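# Coordinate analysis (summary)
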Amino acid sequence: MLKLKLHPEDFDVDEMRRFEGMSSTDDSSVLYAISSKNGIKGLLVDAYGVYAENISEAMRKKLR
């Protein structure tokens, strides 16, 4: 496991997919494929809507 901390300016969002729950559209998740400026690739998963994590304004803009 890498102990790597990336700030919004350190990575790009390559792709984004939204998944909805079977019974409710409130039960949704978002999967982001990201890559860092130095070539490290990874995934970022978050809830969608009211269950989303509190994130910084810079991160919110990056993930739009």
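Per chain, residue numbering runs from 1 following the sequence as it is written. Owing to the predicted nature of the model, reporting of local features is limited to residues with pLDDT of at least 70; listing and counting of side-chain atom pairs is limited to 80 or more, with chain, interface and lining totals taken over all residues. Side-chain numbers here rest on the full set of heavy atoms in the structure, without hydrogens or water.

Read from one edge of the open sheet, three strands run β1-β2-β3, paired in antiparallel fashion. Strands at the two margins of the open sheet, each flanked by one partner only, are β1 (11-20) and β3 (41-47). The mean inter-strand angle of the sheet, taken between neighbouring strand axes irrespective of direction, is 20°. Where strand β2 (residues 28-36) lies against β3, seven bridges are found, and the strand directions are antiparallel. From the neighbouring strand, Y32 faces β3, where its bridge partner is L44. Strands pair, by our definition, only if DSSP identifies at least two bridges between them. Secondary structure elements are defined from DSSP: runs of H or I of at least 4 residues count as helices, runs of E of at least 2 residues count as strands, and each element is numbered from the N terminus. To get an axis, fit a line to the C-alpha atoms, keeping to the stretch in contact for a helix; angles then go from 0 to 180 degrees between the N-to-C directions.

Time to look at the confidence of the model for the protein. Each residue carries a pLDDT score, the predictor's own confidence in it, on a scale running from 0 to 100. Per-residue pLDDT for the protein averages 83, and the proportion of residues at 70 or more is 84%. The element-level mean pLDDT for the protein is lowest in helix α1 (residues 57-62), coming to 83, with β1 highest at 92.

This brings us to the side chain of S35. By the secondary structure assignment, S35 is in strand β2. If we ignore the near neighbours within four places in the chain, the residues touching S35 are D10, F11, D12, D14, I40 and K41. In this description, contact between two residues means that some pair of their heavy atoms is separated by no more than 4.5 Å.

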